[in-house]
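Breakdown of the fold
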Amino acid sequence: MDAKEFSVEQLREDLAGLGPEEHGFTYLDLERRPQRHERLSGWVLSAKDLNDVAGMPTTHGHAERTYVAAETDPFVQELIDAGALIIGKSSAPELGLRVDTEPVGLPHPDNPLYPGHTPGGSSGGAAVQVARGLLRAAHASDGGGSIRVPAAACGVVGFKPAGEDLSVPGFITRSVADAATLHGLTPRTPRARVGVLTEPLFAEATVAPHLLNAVREATARLEGAGFETVALSPYPQATQTFEAFQHIFTRRLAGLESAAGYTEWIRARGRRVSDAQLAAARAHAAALPALLAEFWQVDAILTPMLAFDPPRRGHFVALAHQENFDEQTRWSPWGSLFNVAQLPAISVPWPVPHHPPVGVHLGSVTLEESALLGLAQVLHP
């Protein structure tokens, strides 16, 4: 457990002299008080600015989309009912559609580990708050890597639960144990065979040597703890999986009433996805866990989370829309597999000499959430 006290009073002190680019909040209300004394009493959290909290503004990552919410989204309300105190909103890109955090007409958070560079996204504000030690944990969500990418970019823990959809709510935390507590889970160390995959799945990308070395070291730690590891190659249907991801991801935006720029480009792609293509994508997703288990014959896979260090702020948005999308995939060419398959996955920080920590990624093939968290604790006690 953190020795530091994470209280409203301490947060007030820690925020002194910090601007929005440094703290990642789009809204703050330090006068709020917890409504109940329950399981999560004492937890001070932010909510991602794609989710409503009654009485707080929601921007959905665009200043012109701002409104004050009348009700609280169900997952966030569950946190409040469990005793957590929601003191503000964390920054996200427009509608959570990118793996950076550069909302339109609003401040762009900076990476605490790489000044001038992106903290990742779409839960980038949450990652900044946890990485700076402002919060012990922050609410987040993951529809293609949006918890795990910023966690890896900022040197903290990002756990995506299994869920029942492409996108699932979760948290960015300082430890695996905190992620387990917030989800009401008890980690257990499983007997597991772990596959190691360093070749990118969904894009041609050159993986940075220090990230490959981090995976080698993590593999050695697992072997030292008694786990069998085996080198893997991409499965033959990976191209089909990424096509399924794109169809499901973009089709969700097809009914959006107004959009511009990159968001309009995504919406237009979604409108070209037919009902038959969507049905085929969902059928592929449903069959994917069994397909992976049969082909790889492992219980979990270990990969890098990112292929290279966080680029400078503005890097993605400066590209043409298709190239922007492709570059995002090159940066994180493994993570969305577990969104399509609806399997739990986690990025944990790994130390690198003379360099900020980097994210190593564990994704389940057969393991339940508690077992995956137990395996992750071997890498990040």
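Reading the values: the criteria
- Residues numbered from 1 in each chain as written.
- Predicted model: local features only at pLDDT ≥ 70, side-chain atom pairs only at ≥ 80, totals over all residues.
- Heavy atoms only, no water.
- UniProt positions renumbered as here; feature names shortened; annotations may be inferred.
- Domains from an automatic or database assignment.
- Contact = heavy atoms within 4.5 Å.
- Buried area = accessible area lost by both parts, 1.4 Å probe.
- Salt bridge = Lys/Arg side-chain N within 4 Å of Asp/Glu carboxyl O.
- Helix = DSSP H or I, 4+ residues; strand = E, 2+ residues; numbered from the N terminus.
- Nonpolar A, V, L, I, M, F, W, Y, C, P; charged D, E, K, R; others polar.
- Phe/Tyr/Trp six-rings, centres within 6.5 Å; stacked < 30°, edge-to-face > 60°.
- Buried < 20%, exposed > 50% of the residue type's maximum accessible area, 1.4 Å probe, protein only.
- Axes fitted to C-alpha atoms, helices over the stretch in contact; angles between N-to-C directions.
- Parallel < 35°, antiparallel > 145°, perpendicular 65-115°, else oblique.
- Pairing = 2+ DSSP bridges.
- Arc of directions from axis to C-beta.

The chain goes by amidase in an unreviewed UniProt entry, where it is assigned to Corynebacterium urealyticum. Under the heading Catalytic activity (unreviewed entry), UniProt records this for the chain: "a monocarboxylic acid amide + H2O = a monocarboxylate + NH4(+)". What the UniProt record of the chain gives under Sequence similarities (unreviewed entry) is the line "Belongs to the amidase family."

Another point: the domain arrangement of the chain. Under the domain assignment, the chain is made up of domain 1 (8-183) and domain 2 (193-238 + 274-379). A C-alpha centroid distance of 23 Å is found between domain 1 and domain 2. Between domain 1 and domain 2, the contact holds 40 residues from the first and 38 residues from the second. In total, about 3,000 Å² of surface goes out of reach between domain 1 and domain 2, with carbon and sulfur atoms giving 61% of it. Counting across the domain 1 and domain 2 interface gives 1 salt bridge. We note a salt bridge from D110 to R313, for which the minimum N-O separation is 3.4 Å. Elements represented by at least two residues in the side of domain 1 that touches domain 2 include exactly α5 (148-154), β7 (157-160) and α6 (176-183). Grouping the amino acids of the side of domain 1 that touches domain 2 by side-chain chemistry returns 18 nonpolar, 12 polar and 10 charged.

Moving on to the packing of aromatic side chains. Counted under the stated rule, the structure contains 10 aromatic pairs. Taken together, a centroid distance of 5.1 Å and an interplanar angle of 15° make the contact between F202 and F242 stacked. Here the residue F202 occupies a position in the loop between β9 (193-196) and α7 (209-224), and F242 occupies one in helix α8 (residues 238-251), the gap between them amounting to 40 residues. Considering the side-chain rings of Y235 and W296, the 5.4 Å spacing of their centres and the 85° angle between planes classify their relative orientation as edge-to-face. One end of the pair, Y235, is in the loop between β10 (228-231) and α8; the other, W296, is in helix α10 (residues 275-296), and 61 residues separate them in sequence. Of the residues examined, Y235 reaches a relative accessible area of 2% and is grouped as buried. Given the relative accessible area of 4%, W296 is considered buried.

Packing of α7 against helix α13 (residues 369-379) brings their axes to within 9 Å, and their N-to-C directions diverge by 110°. As the angle between them shows, α7 and α13 are arranged roughly perpendicular. Along the contact surface, α7 presents A218, R221 and L222, while α13 presents L375, V378 and L379. Looking at the contact of α7 with α13, its residues break down into 5 nonpolar, no polar and 1 charged.

With numbering aligned to this structure, UniProt lists the feature "domain: Amidase" (unreviewed entry) at residues 35-173 and 262-373. Its end C-alpha atoms 23 Å apart, residues 35-173 is made of 17% helix and 22% strand. With 46% helix and 21% strand, residues 262-373 has its two end C-alpha atoms placed 35 Å apart.

An order of β6-β8-β7-β12-β13-β11-β9-β10 is seen for the 8 strands of this open sheet, with the pairing classed as mixed. Of all strands in the sheet, those with a lone pairing partner are β6 (137-142) and β10, marking the two edges. Each adjacent strand pair in this sheet contributes to an overall mean axis angle of 25°, direction not counted. Taken together, the 3 bridges between β7 and strand β8 (residues 168-173) define a ladder with antiparallel strand orientation. Bridge pairing links V157 to T173 in β8.

Time to look at helix α1 (residues 8-15). Helical geometry note: an α-helix holds 3.6 residues per turn, so side chains three or four residues apart project in the same direction. Listed in full, the buried residues belonging to α1 are V8, L11 and L15. Taken around the axis of α1, the buried residues stretch over an arc of 55°, which confines them to a single face. Looking at the packing, one finds that the buried side of α1 touches α2 (20-23), β1 (25-28), β2 (44-48) and β5 (85-90). Looking at the residues trailing α1, positive phi occurs at G17, about 85°.

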